[in-house]
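# Secondary and tertiary structure notes
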Amino acid sequence: MAVPFSQLLLLIIGIICSSLFIVNCHGFSIRDATVEDCQQGFKDNTLTSRQLVEFYLQEIQTLNTALRAVIEVNPDALSIADSCDRERRSSPTPLGGLHGIPILLKDDIATQDKLNTTDGSYALLSSVVPRDAGVVTRLRNAGAVILGKASCSEWSGFRGTGVSPGWCGRTGQARNPYALWRSPCGSSSGSAISVAANLATVSLGQETDGSMLCPASSNSVVAIKPTVGLTSRAGILPVSPTQDTVGPMCRTVSDAVHTLDAIAGCDPNDGVTCTPAAIIPIGGYKQHLKTNGLQGKRLGIVRAPFFNFPPGSYLSTLFEGHIQTLRQAGAVVIDNLGINNIQTILNPYQSGQQRVLLSEFKQSINVYLSGLVSSPVRSLTDIINFNNNNMYLEMPNVYSQDLLVTSNNMYSGHLTERQQALWSMQNLDSNGFVRLMNVFNLDAIVTPGSAFSTVLAIGGHPGISVPAGYDTDGMPIGMCFGGLKFTEAKLIECAYGFEQMTMMRRPPHLTNLSMK
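About the cut-offs
- Residues numbered from 1 in each chain as written.
- Predicted model: local features only at pLDDT ≥ 70, side-chain atom pairs only at ≥ 80, totals over all residues.
- Heavy atoms only, no water.
- Helix = DSSP H or I, 4+ residues; strand = E, 2+ residues; numbered from the N terminus.
- Rg over C-alpha atoms; globule rule 2.2 N^0.38 Å.
- Buried < 20%, exposed > 50% of the residue type's maximum accessible area, 1.4 Å probe, protein only.
- Contact = heavy atoms within 4.5 Å.
- Areas by Shrake-Rupley, 256 points an atom, 1.4 Å probe, with all protein chains shown as cover.
- Lys, Arg positive; Asp, Glu negative; His and termini not counted.
- Charge placed at Lys NZ, Arg CZ, Asp CG, Glu CD.
- Phe/Tyr/Trp six-rings, centres within 6.5 Å; stacked < 30°, edge-to-face > 60°.
- Lys NZ or Arg CZ within 6 Å of the ring centre and 35° of its normal.
- Salt bridge = Lys/Arg side-chain N within 4 Å of Asp/Glu carboxyl O.
- Axes fitted to C-alpha atoms, helices over the stretch in contact; angles between N-to-C directions.
- Parallel < 35°, antiparallel > 145°, perpendicular 65-115°, else oblique.
- Nonpolar A, V, L, I, M, F, W, Y, C, P; charged D, E, K, R; others polar.
- Core = buried A, V, L, I, M, F, W, Y, C linked by side-chain atoms within 4.5 Å.
- pLDDT = per-residue confidence, 0-100.
- Pairing = 2+ DSSP bridges.

## What to know about the overall build of the protein
Helix and strand counts for the protein come out as 18 helices and 15 strands. Its C-alpha radius of gyration of 22 Å places the protein within 12% of the 24 Å reference for a compact globule of 516 residues. Looking at the protein as a whole, 62% of its 516 residues are labelled buried. For the protein, long-range pairs separated by at least 24 residues make up 76% of all intrachain contacts whose partners lie at least 6 apart in sequence. In the form shown here, the protein has an accessible surface area of approximately 18,800 Å², with 53% of it arising from carbon and sulfur atoms. Taking the average location of the 36 positive side-chain charges in the protein and that of its 38 negative ones, the two points are 1 Å from each other.

## Some thoughts on the packing of aromatic side chains
Per the counting criterion, the structure on display carries nine aromatic pairs. Geometrically, the ring pair formed by Phe 158 and Phe 361 is tilted, given 4.9 Å between the ring centres and 45° between the ring planes. One end of the pair, Phe 158, is in the loop between strand E5 (145-150) and strand E6 (167-168); the other, Phe 361, is in helix H12 (residues 353-370), and 203 residues separate them in sequence. The class for Phe 158 is buried, based on a relative accessible area of 6%. Residue Phe 361 is classed as buried on the basis of its relative accessible area, which comes to 1%. Feature note: the residues Phe 306, Phe 433 and Phe 452 constitute an aromatic cluster, connected by ring pairs. Note that Arg 506 overlies the ring of Tyr 470, its terminal NZ or CZ placed 3.8 Å from the centroid.

## With respect to the pattern of salt bridges
Under the defined criterion, the tally for this structure stands at 23 salt bridges. Between Arg 251 and Asp 32 there is a salt bridge, and its shortest N-O distance comes to 3.5 Å. Taken as a pair, Arg 251 in the loop between strand E10 (245-250) and helix H8 (253-263) and Asp 32 in the loop between strand E2 (28-29) and helix H2 (35-44) lie far apart in primary sequence, 219 residues in all. By relative accessible area, which is 27% here, Asp 32 ends up partly exposed.

## Side note on the packing of H8 against helix H18 (residues 488-502)
Where H8 contacts H18, the two axes come as close as 10 Å, and the packing angle between them is 155°. Here H8 lies roughly antiparallel to H18, going by the angle between them. Taking contact as the criterion, the partners of Val 253, Ser 254, Val 257 and Leu 260 in H8 are, on H18, Ile 492, Ala 495, Tyr 496 and Glu 499. Considered class by class, the residues forming the contact of H8 with H18 number six nonpolar, one polar and one charged.

## Brief notes about the nonpolar core
Within the largest apolar cluster, 138 residues are counted, with the highest numbers of intra-cluster contacts made by Ile 109, Val 135, Leu 139, Leu 147, Leu 326 and Phe 481. Among all residues touching Leu 139, those that are not within four sequence positions of it are Leu 98, Ile 103, Leu 105, Ala 144, Ile 146, Leu 204, Ala 262 and Ile 263. In terms of nonpolar packing, the next biggest core, distinct from the first, is built from ten residues, Met 212, Val 221, Ala 223 and Met 249 among them.

## A word on the confidence of the model for the protein
When pLDDT is averaged along the protein, the result is 93, and 93% of the positions lie at 70 or above. In the model, residues 1-22 has pLDDT below 50 throughout and makes 46 contacts with residues more than four positions away in sequence or in other chains.

## Some words on the sheet that holds strand E13 (residues 444-448)
Reading across from one edge, E3-E5-E4-E8-E10-E9-E14-E15-E13-E11-E12 is the order of the eleven strands in this open sheet, with mixed pairing throughout. The open sheet is flanked by strand E3 (70-73) and strand E12 (332-334), the only strands paired with a single partner. Each neighbouring strand pair of the sheet contributes to a mean axis angle of 30°, computed without reference to strand direction. Sheet topology note: the strand E14 (residues 463-470)/strand E15 (residues 476-482) ladder contains seven bridges and is antiparallel. Its bridge partner being in E15, Gly 463 is matched across the sheet by Gly 482. The strands touched by helix H5 (residues 134-141) are strand E4 (102-106), E5, strand E8 (202-207) and E10; relative to E4, the strand with the most contacts, the crossing angle is about 180°. Of the strands in this sheet, E8, strand E9 (222-225), E10 and E14 touch H8, which is tilted by about 145° from E10.

## With respect to the environment of Ala 174
The topology assignment puts Ala 174 in the loop between strand E7 (172-173) and helix H6 (189-196). On a C-alpha basis, the gap between Ala 174 and Ser 189 in space is 7.3 Å, while along the polypeptide they are 15 residues apart.

Have a look at this one:
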């Protein structure tokens, strides 16, 4: 992806001094800087929004050929940054926490600007959306700089079975910065890769089942997968209205919480958000960034089938150590718990989840496409035909589109089956995860990696993934804290307490990347 010459010229003459290891502006180190670091830099006049944007554009130009994490950059990013700098200089009071902060958006999040919104597919290139997505409106109101669009698994991973995670027609295969040959995981892979590799301060992802939690775990970043309805899905290319949710992906829990505070709340264009808005704590979630957040928390450990490490293995030892850390931090750890019908819950065909996804995808994607101002495709049928007619772009002979086809073959009679599947999922959730949480009065379930994502998905529950370590090959793995609906405050306290106790995240060795 080429950056326009005018931007490259600005990079050359800019005041940023950069290398792959450290970048300083008047003594301010940009690399791995947090949102709070940047705000302090703005306050001290050691950093400007323009310098941040210039730095990230340069890093994208340098690294994206290898990582394929960014689909396109916003040609107006520098002018927006300049506006932020002017606002800051003239404002008599401090501005919001995300003011002047560059943010990348998963490519299924609509922006009414010069950026495309394509969900990774050439089929939607040059389509025009009617308005910004609800979360984008909130980000703009908070003063954030929309830096560009992050790559994703095409159609949010719902194109076909066997398609490699992180692959889409527009960028090809996105690559894990910790090991180029290992999977970046999940459809929000570009959002995770981008913040892991310092291509942006913050990113947004979208999850149906594992699309944020899995790439966060695999790329050593933090993801907050909110309760369905806490953040708006209006203007987001959908998979399943009953499971879709939008949240932050960042290098630290604090950054993720600052971003969640900016995007959570009522959006009239997504009616399910307006009741939960009253649940958001007065003063926001940032007040729950407590270093002693684990003190007194009741945490459940469900061993089977989530702790499936060989006894005595490196990862087994790592996570047993983490469980001890939770206890040392004052948590009450209740071990060896079980969830009723867990194998059925984890099987999308037995639980009813697959039936719901197939039915809801066709309905919701057709509604989204019909609402576009202009578009090369107007229906799921059009998408399938586009792929078949543009094989050199979308490669349907290499990457299956069987999920698109199966969903498109759903007919009105399947609606009854969908409702039955929803009831099945609700019963499994109520008698499984919810019952366990209530019986033992738990604040969270703690599991390694992202295998718990399906348990959270079928009930619309929240989860937070925090970097927890690396395997013997240097591949990251996270710790997931999952809780009941609208318990984000408790989960943030757990996640932040764990992060501050362990500080496991380390940046990838970008100089080892092949730039081929």
